[in-house]
Amino acid sequence: MKRIDILNDEGLVLRCARLHYERKFSQGEISEELGMSQSTVSRLLKKARANGIVKFEIHYPRNNELEKALQYHVPFLRFARVHVGIPPQDDNIVSQALGVESERFFEEHIKDRYKVGLSDGHTMYEFVKALSPPYKSSYKSLRVYNLTAWADSRFEPHERADSLVFIWFHKRNEDKVHHIPFMPLHGYPHLRKLVESTYQEMKDLNFIVTSVEHMEKGGTLDQLLTSLGFDSMALKNAGGVGYFAGHPITQKGALPPEQLQGFQRLAYNVLPLERIAQLAADPTRYVVLVAGGYNKQESIAAALQG
């Protein structure tokens, strides 16, 4: 059999992976068992990892004392998961680790037919990417909604909430996703009627998963807003410290409406902060904040306080 045919033989890739990872054969032992070179075995194992036949997950240890301290100082905080050992200087690793850990929490608490709201960001992308397919998960028939919609497409497509719902559907096509576009929300009242029922449904979301962005010059949202001709630093000068579920926030809550007029022409947040706070206070519902890294400390604190 030609080498290229061997590498495309899925049965052989699977057999090689099982020998190595389940029966603990060395690559040399697999080479003898299957009658092929060790370099071919190495390529087969590499393909098993690339194709998702073999997956590795790192379970980061938790800081139980800090979790208890957070819950003590923030009375409404029902759950806290503080994972340590994640390299804080690497934003990609932080997002990947948080995405996996938040999916585990989601799997523990989600129930059939729950309505789920999803916000923007790279961490949210990693969360959706970590979702289990229907045949491996314990829940089914969810309804999923994007919490934000942007007027411009220059935001990284895979980090927009209105794109993430489609990625969700690709992974879990038995769930029903609701894409809320920007256009019907400003100046198109006849189109808004078409999605009014969706807005009503979202007032009673069972589960919200969101991250928080920090306001910094050159950051992801600053670059986007600057490219649209909006000075995001004006929000920071007005007391803004971050973006929670798409809403610019201060250390104690929302920015005054007069500070948001320019921002609201570029972004739409389906649920006001007041409603998100009400859902968070309801013991039968979940508002889950997923965030980490040194540069987000101030915005995480603001989200918890406000």
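Right, let's walk through the structure included here. (Residues numbered from 1 in each chain as written. Predicted model: local features only at pLDDT ≥ 70, side-chain atom pairs only at ≥ 80, totals over all residues. Heavy atoms only, no water.)

Along its length, the protein carries 14 helices and 10 strands. With respect to the three principal axes, the spread of C-alpha positions in the protein is 75 × 50 × 40 Å. If you take every contact in the protein between residues at least 6 apart in sequence, the share linking residues at least 24 apart comes to 70%. Summed over all atoms, the accessible surface of the protein reaches about 16600 Å², with 51% contributed by carbon and sulfur. For the protein, the separation between the mean place of its 38 positive charges and that of its 36 negative charges on side chains is 4 Å. (Helix = DSSP H or I, 4+ residues; strand = E, 2+ residues; numbered from the N terminus. Contact = heavy atoms within 4.5 Å. Areas by Shrake-Rupley, 256 points an atom, 1.4 Å probe, with all protein chains shown as cover. Lys, Arg positive; Asp, Glu negative; His and termini not counted. Charge placed at Lys NZ, Arg CZ, Asp CG, Glu CD.)

Inspection of every chain in the model, using the stated rule, returns 2 cavities of 30 Å³ or more. Reported here for the largest cavity is a volume of approximately 120 Å³. Here the residues of the lining of the largest cavity sort into 7 nonpolar, 5 polar and 2 charged. Here the second largest cavity defines a volume of roughly 30 Å³. (1 Å grid on protein atoms, 1.4 Å probe; cavity = no way out; pocket = protein on both sides within 12 Å on 5 of 7 lines; lining within 4 Å. Points joined across faces, edges and corners; volume = space filled by probe spheres on them. Nonpolar A, V, L, I, M, F, W, Y, C, P; charged D, E, K, R; others polar.)

A separate point is the side chain of Ser211. Relative to the helices and strands, Ser211 is located in the loop between β5 (207–210) and β6 (212–214). What makes Ser211 buried here is its relative accessible area of 5%. In this structure the side chain of Ser211 is engaged in a polar contact, spanning 2.7 Å, whose partner is the backbone oxygen of Val290. Excluding anything up to four places from it in sequence, Ser211 contacts Ser119, Thr123, Met124, Tyr243, Phe244, Ala245, Leu289, Val290, Ala291 and Lys296. (Buried < 20%, exposed > 50% of the residue type's maximum accessible area, 1.4 Å probe, protein only. Polar contact = N/O pair within 3.5 Å; in protein donor to acceptor, adjacent residues only side chain to side chain.)

We now examine the nonpolar core. One finds Met202, Leu205, Ile208, Phe244 and Leu271 to be the most contacted residues of the largest nonpolar core, which totals 28 residues. Of all the secondary-structure elements, those providing two or more residues to this core are α9 (189–202), α13 (273–281) and α14 (297–305). The element that contributes the greatest number of residues to this core is α14, accounting for 4 residues. Dropping the residues within four chain positions of it, Phe244 is found in contact with Thr210, Ser211, Val212, Ile249, Leu273, Ile276, Val287, Leu289 and Ala303. Within the second largest apolar cluster, 26 residues are counted, among which are Phe105, Leu142, Tyr286 and Val288. (Core = buried A, V, L, I, M, F, W, Y, C linked by side-chain atoms within 4.5 Å.)

Moving on to the sheet that holds β6. Overall, antiparallel pairing links the 3 strands, which are arranged β6-β7-β8 in an open sheet. Because the sheet does not close on itself, it has two edges, and the strands there are β6 and β8 (247–249). Direction aside, neighbouring strands of the sheet carry axes that sit 30 degrees apart on average. Bridge count for β6 against strand β7 (residues 242–244) is 3 bridges, and the pairing is antiparallel. Within β7, the residue paired with Val212 across the bridge is Phe244. Contacting β6, β7 and β8, α14 runs over the sheet at an angle of about 135 degrees to β6. (Pairing = 2+ DSSP bridges. Axes fitted to C-alpha atoms, helices over the stretch in contact; angles between N-to-C directions.)

So, about the sheet that holds strand β1 (residues 115–118). Strand order in the open sheet formed by 5 strands is β4-β2-β1-β5-β10, and the pairing between neighbours is parallel. Each of the sheet's edge strands pairs with one partner strand only, and the pair in question is β4 (176–178) and β10 (286–289). When strand polarity is set aside, the average angle formed by the axes of neighbouring strands in this sheet is 20 degrees. Both β5 and β10 contribute to a ladder of 4 bridges, which runs parallel. For Phe207, the partnering residue across the bridge sits in β10 and is Tyr286.

This next bit is on the layout of surface pockets. Over the atoms, a rolled probe matching the size of one water molecule traces out where space is still vacant. The calculated volume of the largest pocket comes to roughly 1500 Å³. For the lining of the largest pocket, the secondary-structure elements that each account for two or more residues are α5 (64–73), α6 (91–109), α13, β10 and α14. Here the lining of the largest pocket takes 7 residues from α14, the largest share from any one element. Approximately 730 Å³ is the volume attributed to the second largest pocket. Lining of the second largest pocket is provided by 23 residues; of these, Lys55, Phe56, Glu57, Val100 and Ala130 occupy positions nearest its centre.

This part is about the pattern of salt bridges. Considering all chains together, one arrives at 10 salt bridges under this definition. A salt bridge links Glu22 to Arg18; its shortest N-O distance comes to 2.8 Å. On the basis of relative accessibility, which here comes to 52%, the residue Glu22 falls in the exposed class. When its relative accessible area of 47% is taken as the criterion, Arg18 is described as partly exposed. (Salt bridge = Lys/Arg side-chain N within 4 Å of Asp/Glu carboxyl O.)

You can see Arg104 is positioned in helix α6. With a relative accessible area of 17%, Arg104 lands in the buried category. In this structure Arg104 touches Glu57, Ile58 and His59, once residues within four positions along its chain are discounted.

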